[in-house]
Amino acid sequence: MKIATGHEFHRQVAAAAEAIHPDITWALCDWDCNWTDSPEGSDLIVYAGDAYTEEWVTAMTAIAPPKWAHTEDAGIDGRFYDDMRSKSVPVTHSPGANAPEVAELAFAGVMWGAKRLGELREQQRAHEWNKLDLTALSATTVLVVGLGAIGSRVVHFAKGFGMTVLGIRRSAEPVPGVDRQGTPDDLAAFLPEADFVVLALPISDESANLIDATALASMKSTATLVNVGRGALIDTDALRAALASGGIAQACLDVLPVEPWPRDDDLWDIPNLLITPHNGSRSPMYAIRVGEMWLENLARYVKGEPLLYRAF
């Protein structure tokens, strides 16, 4: 069995993988996509760690289809997935592997808005000692759009602070901690009630530009918008205008429609906007969880059992 992946992932799982199936050869790449062996003829590929580069994706599109591909991602949009679908390659992904840390960053965005940390930092830089009125979270409402592994953790954090929680998901199945839950059809009704809006859903034809000029105009002028889902969930030009005009108070974006975001774009300079570089999942625990999920499936693959975490 030949497996193509990156050095980082190999270091993490090699011993355990070879205990499951001793006859493994590895084609490994580094961050610059230099290979220890050609990936051609790989039975399995793992899109994770230092294999997670555009150059690696290009290399994978050029080889014969593998029998199975695994990815560190929860979402399954983009060129790699389009290519695997076109080749009818079974793909398993890693739902929830990054959920704790992404949810933590999302709630950090809520705290940044509630406690006016951006303004306080600017006052420090100016050597100013001015007391600001801060928001009491227990008197506020958060709307969590997308109640999967990430969104449900945001709900848990919010309830710990005594917040009222509204939630949006496609399914009608209730999520613990949500005070009032609706479907995407209820978004327009829920937005005006929210002091904080957290986006934690994948991108699709239905969710693209979910937060557009109309949605932003319906939000409170004091509201904070946090996006840890996908950049294309928000109409960036509409957000730029809303932040400039005071339509909403502030926003925190860990994801943008183009990544990296162009250095010369003035979005970077908006004072009431916090941009983080798709950083929410950057934790040693993420790679550990991805590795555990893959090893679980490797054992199933070797035994001919159905794979878990199937994306398609």
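Heads up: these notes are all about the structure in this document. (Residues numbered from 1 in each chain as written. Predicted model: local features only at pLDDT ≥ 70, side-chain atom pairs only at ≥ 80, totals over all residues. Heavy atoms only, no water.)

**Quick look at the pairing of strand β9 (residues 196-199)**
- Along β9, one buried face is formed by F196 and V198 and the opposite face, lined by V197 and L199, is buried too.
- Two strands pair when backbone bridges link them, and strand β6 (residues 141-145) and β9 are joined in this way by four bridges, in the parallel orientation. Note that in β9 the partner of V144 across the bridge is V198.
- Bridge analysis of β9 against strand β10 (residues 224-227) gives four bridges, and the strand direction is parallel. Of the residues in β10, the one forming a bridge with V197 is L225.
- In terms of handedness, the path from β9 via helix α8 (residues 213-218) over to β10 forms a crossover that is right-handed. (Buried < 20%, exposed > 50% of the residue type's maximum accessible area, 1.4 Å probe, protein only. Helix = DSSP H or I, 4+ residues; strand = E, 2+ residues; numbered from the N terminus. Pairing = 2+ DSSP bridges. Right-handed = clockwise from strand over helix to strand, strands pointing away.)

**As for the pairing of strand β2 (residues 25-29)**
- For β2, a buried count of four out of five residues is recorded, marking the element as mostly surrounded by other parts of the structure.
- Across five bridges, strand β1 (residues 2-6) lies against β2 in parallel orientation. Counterpart to G6 in the pairing with β2 is C29.
- Taken together, β1, helix α1 (residues 7-20) and β2 constitute a β-α-β crossover, and its handedness is right-handed.

**Looking at the sheet that holds strand β11 (residues 250-253)**
- Read across the open sheet, the seven strands follow the order β8-β7-β6-β9-β10-β11-β12; overall the sheet is parallel. One side of each edge strand has no neighbouring strand; the edge strands of this open sheet are β8 (180-182) and β12 (273-275). On average, adjacent strands in this sheet sit at an angle of 15° to one another, irrespective of strand direction.
- Where strand β7 (residues 164-168) meets β8, three bridges bridge the pair, whose relative direction is parallel. Paired with G167 across the strands is Q181, a residue of β8.
- Across the sheet, helix α9 (residues 236-245) is in contact with β10, β11 and β12; its angle to β11 comes to roughly 145°. (Axes fitted to C-alpha atoms, helices over the stretch in contact; angles between N-to-C directions. Contact = heavy atoms within 4.5 Å.)

**A word on the sheet that holds β1**
- Pairing in this open sheet of five strands is parallel, and the strands run β2-β1-β3-β4-β5 from one edge to the other. With partners counted over all chains shown, the strands left at the sheet margins are β2 and β5 (91-92), one partner each.
- Note that strand β4 (residues 68-71) and β5 share two bridges and pair parallel. Among the inter-strand pairings, A69 is bridged to a residue of β5, identified as V91.
- Against the sheet, α1 engages β1, β2 and β3 (44-47), with an angle of about 165° to β2.
- The sheet contacts of helix α2 (residues 54-62) involve β1, β2 and β3, and relative to β3 the element is tilted by about 160°.

**Things to note about the state of the cysteines**
- The tally for this structure, following the rule as stated, stands at zero disulfides.
- Looking at the unpaired C33, the closest cysteine sulfur is the one in C29, lying at 4.9 Å.
- Residue classification places C33 among the buried residues on the basis of a relative accessible area of 15%. (Disulfide = S-S within 2.5 Å.)

**Some thoughts on the environment of V46**
- By the secondary structure assignment, V46 is in strand β3.
- Distance from V46 to T92, taken between C-alpha atoms, is 9.6 Å for residues 46 residues apart in sequence.
- Discounting chain neighbours no more than four positions away, the residues touching V46 are I3, A4, T5, F9, A51, W56, H70 and W294.

**With respect to the pattern of salt bridges**
- Under the counting rule described, the total for this entry stands at 16 salt bridges.
- Here K2 and D37 are joined by a salt bridge, their closest N and O atoms 3.4 Å apart. Linking K2 in strand β1 with D37 in the loop between β2 and β3, this pair joins segments that are 35 residues apart in sequence.
- Judged by its relative accessible area of 14%, K2 is buried.
- Each of D237, R240, D265 and D266 takes part in a single network of salt bridges with overlapping partners. (Salt bridge = Lys/Arg side-chain N within 4 Å of Asp/Glu carboxyl O.)

**What about a nonpolar patch on the surface?**
- On the surface, L117, L120 and L134 cluster together to form a nonpolar patch covering roughly 240 Å² of accessible area.
- Mapped onto the secondary structure, L117 falls in helix α5 (residues 117-125). (Patch = residues over 30% accessible without salt bridge, like charges linked within 9 Å, V, L, I, M, F, W, Y side chains within 5 Å. Areas by Shrake-Rupley, 256 points an atom, 1.4 Å probe, with all protein chains shown as cover.)

**Topic: the nonpolar core**
- Within the largest apolar cluster, 32 residues are counted, with the highest numbers of intra-cluster contacts made by L143, V197, L199, L216, L225 and L239.
- Mapped onto this core, the elements with two or more residues apiece are β6, β7, α7 (187-190), β9, α8, α9, β11 and β12.
- It is α9 that provides the largest number of residues to this core, a total of four residues.
- With 26 residues, the next largest nonpolar core counts I150, V155, V178 and V226 among its residues. (Core = buried A, V, L, I, M, F, W, Y, C linked by side-chain atoms within 4.5 Å.)

**Some remarks on the environment of N272**
- In this structure, N272 sits in the loop between β11 and β12.
- The buried category is assigned to N272, whose relative accessible area is 18%.
- As for N272 and R121, which are separated by 151 residues in sequence, their C-alpha atoms are 12 Å apart.
- Every residue in contact with N272, bar those within four places of it in the chain, is listed here: W112, L243, I248, A249, Q250 and A251.
- A distance of 3.0 Å separates the side chain of N272 from the backbone oxygen of A249, its partner in a polar contact. (Polar contact = N/O pair within 3.5 Å; in protein donor to acceptor, adjacent residues only side chain to side chain.)

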